[in-house]
Amino acid sequence: MTARLSRRSRLAAAGAVAAAGVLLLGACGDQTDDAEGGSGGSESGGGSGEGEAAGELFDLLPQGIQDAGEIKVGSDIAYAPIEFIDENDEIAGIDPDIGAALGEVLGVDFVFENGTFDGLILGLNNGRHDVIMSAMTDTAERQQGVSEDAEGGADFVNYFQAGSALLVAADNPEGVESVDDLCGLSVAAQQGTANEAVIEAAQENCDEPIQPVINEVDSESITALQNGRADVVITDYPVALYNELTAGGGELFTVVGEQIDAAPYGIAVSKENAELRDALQAAVQEIIDNGTYAEVLAEWSAEAGAIEEATVNAGE
């Protein structure tokens, strides 16, 4: 989806998102690599191994994963509604629920571990994580390890699609409608993300420079907008929509303009672990085919990001 929905349509389509949890205006738990992990969604039976599909797909997993009975998932868990700590201090969101669904068909648990976004691929390649699920856009730069946050590179099993969006104060005092209106404004984004790259690209066309407000976690960017340190936040479309609908009862922020550069999210896997990559691709396709995937996205009113085929390294 590239066109922006009307506010009325978006409110109707995302009612379940608004009810799903509270807005995280502060940091959602410790964002260091030593933060306590969780089993985001894995208690729902990810390790049961029940069913014909689970048996077949379990056999595709690397022996070490089979023996451990779990997949360690690196994630920056401060990105509602993709992944966040809910009001019950539990890991929740689209990625944990998809992880639980994948665990069901693979016969293992997906155990989410909190980390800083721009250190996740490094953690993957040094063995801290088996995979990454963190609203991570699959790009050629990340595949090749060219970008600063992707040392060593990774393969990506694609499972969702989203673009960036512009989030502003509800009354839009600067009259922002597109990235062309960002010159001269303070614009916040999370470090090491495709959203930071949107600022960098827009900067090239400005006579009056953009003032970047780059934060380690996305919730700090939202806070900067709320307290006036930023005029605009660039964040992923589902995240922008969630904040528009939930912050201050839907009265604080609004999403403006069109969705920017929609691209696939990917489950990142080490390039040295093709066996795990291929098992995950089969598992994503299985939950698409059996309808579980659609159910998860419907629960979060995220159907606009659905894909029909599990691909690998589809990002450009």
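The structure this text deals with has already been given above.
Residues numbered from 1 in each chain as written. Predicted model: local features only at pLDDT ≥ 70, side-chain atom pairs only at ≥ 80, totals over all residues. Heavy atoms only, no water.

**Q** It is not clear to me how the packing of aromatic side chains should be interpreted in this structure. Could you clarify?
**A** Given two aromatic rings, their pairing is described by the distance between the two centres and the angle made by the two planes. In this structure the tally under the stated criterion is four aromatic pairs. Plain terms: the ring middles of Phe84 and Tyr242 are 6.0 Å apart, the flat faces sit at 45° to each other, and that makes the pair tilted. You can see Phe84 sitting in strand E2 (residues 84-85) and its partner Tyr242 sitting in helix H10 (residues 237-246), a full 158 residues away along the chain. A relative accessible area of 0% means that Tyr242 is categorised as buried. Judged by centre distance (6.0 Å) and plane angle (85°), the rings of Phe84 and Trp300 are edge-to-face. Within this pair, whereas Phe84 is found in strand E2, its partner Trp300 is found in the segment after helix H12 (292-299), the two being separated by 216 residues in sequence. Of the residues examined, Phe84 reaches a relative accessible area of 0% and is grouped as buried. (Phe/Tyr/Trp six-rings, centres within 6.5 Å; stacked < 30°, edge-to-face > 60°. Helix = DSSP H or I, 4+ residues; strand = E, 2+ residues; numbered from the N terminus. Buried < 20%, exposed > 50% of the residue type's maximum accessible area, 1.4 Å probe, protein only.)

**Q** Explain the packing of helix H5 (residues 94-106) against helix H11 (residues 274-290) here, please?
**A** Between two packed helices, both the angle of their axes relative to each other and the distance between the axes serve to describe the pair. Across the interface, H5 lies against H11 with an axial gap of 9 Å and an inter-helix angle of 100°. The pairing of H5 with H11 is recorded here as roughly perpendicular in orientation. In this structure, H5 uses Ile98, Ala101, Leu102, Val105 and Leu106 to contact H11, whose residues at the interface are Ala279, Leu280, Ala283, Val284, Glu286, Ile287 and Asn290. Looking at side-chain class alone, the contact of H5 with H11 contains ten nonpolar, one polar and one charged residues. (Axes fitted to C-alpha atoms, helices over the stretch in contact; angles between N-to-C directions. Parallel < 35°, antiparallel > 145°, perpendicular 65-115°, else oblique. Contact = heavy atoms within 4.5 Å. Nonpolar A, V, L, I, M, F, W, Y, C, P; charged D, E, K, R; others polar.)

**Q** Can you help me understand the side chain of Glu83 in this one?
**A** Relative to the helices and strands, Glu83 resides in the loop between strand E1 (70-75) and E2. Here Glu83 sits buried without a salt bridge, and the closest side chain of opposite charge, Arg142, lies 11 Å off (N-O distance). There is a polar contact of 3.5 Å between the side chain of Glu83 and the side chain of Ser75. Not counting residues within four places of it along the chain, the set of residues in contact with Glu83 comprises Ser75, Asp76, Ile77, Ala78, Ala92, Gly93, Asp95, Pro96, Met133, Ser134 and Ala135. (Lys, Arg positive; Asp, Glu negative; His and termini not counted. Salt bridge = Lys/Arg side-chain N within 4 Å of Asp/Glu carboxyl O. Polar contact = N/O pair within 3.5 Å; in protein donor to acceptor, adjacent residues only side chain to side chain.)

**Q** Could you clarify how one ought to interpret unusual backbone geometry in this entry?
**A** Excluding glycine, most residues fall at negative phi; most peptide bonds, likewise, are trans. The amide bond that connects Ala80 to the next residue, Pro81, takes the cis arrangement and shows omega of 5°. Among the structural elements, Pro81 can be located in the loop between E1 and E2. In this structure, Ser301 is a non-glycine residue whose phi angle is positive, near 50°. In this fold, Ser301 is placed in the segment after H12. Residue Ser301 is classed as buried on the basis of its relative accessible area, which comes to 16%.

**Q** It is not clear to me how the state of the cysteines should be interpreted in this structure. Could you clarify?
**A** Across all of its chains, the model carries one disulfide by this definition. Each sulfur of the disulfide joining Cys183 and Cys206 lies 2.0 Å from the other. As the torsion about the S-S bond is roughly -80°, the Cys183-Cys206 disulfide counts as left-handed. In this pair, Cys183 is assigned in the loop between strand E6 (155-169) and strand E7 (186-190) and Cys206 in the loop between helix H8 (194-203) and strand E8 (211-215), connecting sequence segments 23 residues apart. Cys183 sits in the partly exposed class, given a relative accessible area of 27%. (Disulfide = S-S within 2.5 Å.)

**Q** Even after reading the chapter, I still don't get the sheet that holds E6, so can you show me in this structure?
**A** Remark on secondary structure: sheet strands pair via backbone hydrogen bonds, oriented parallel or antiparallel. The mixed open sheet is built from eight strands, whose spatial order is E4-E1-E5-E10-E6-E9-E7-E8. The sheet is open, and its two edges are formed by strand E4 (109-114) and E8, each paired on a single side. Taken together, the twelve bridges between E6 and strand E10 (residues 253-269) define a ladder with antiparallel strand orientation. Directly across from Ala169, in E10, lies its bridge partner Phe253. Most of the contacts of H5 go to E4, to which it runs at about 150°, and overall it touches E1, E4, E6 and E10. Along the sheet face, H11 touches E1, E4, strand E5 (131-132), E6 and E10 and points at about 70° away from the line of E6. (Pairing = 2+ DSSP bridges.)

**Q** When you look at the pairing of strand E9 (residues 232-236) in this model, what are you seeing that I'm missing?
**A** Walk down a regular strand and you will see the side chains alternate between the two sheet faces. The buried fraction of E9 is high, at five of five residues. Taken together, the five bridges between E6 and E9 define a ladder with antiparallel strand orientation. The residue of E9 that forms the bridge with Val168 is Val232. In terms of strand pairing, E7 meets E9 through two bridges, oriented parallel. Each residue of the ladder has a partner; that of Val187, found in E9, is Val232.

**Q** Can you walk me through the pattern of salt bridges in this structure?
**A** When the charged atoms of two side chains lie near each other, side chains of opposite charge can form a pair. Overall, the coordinates contain three salt bridges when judged by the stated rule. A salt bridge links Arg277 to Asp155; its shortest N-O distance comes to 3.1 Å. Of this pair, Arg277 sits in helix H11 while Asp155 sits in strand E6, and the two are 122 residues apart along the sequence. Residues Arg277 and Asp155 agree in their burial class; the two are buried. For Arg277, the salt bridge goes to Asp278, with nearest N and O atoms at 2.9 Å. One network of salt bridges, with partners in common, ties together Asp155, Lys271, Arg277 and Asp278.

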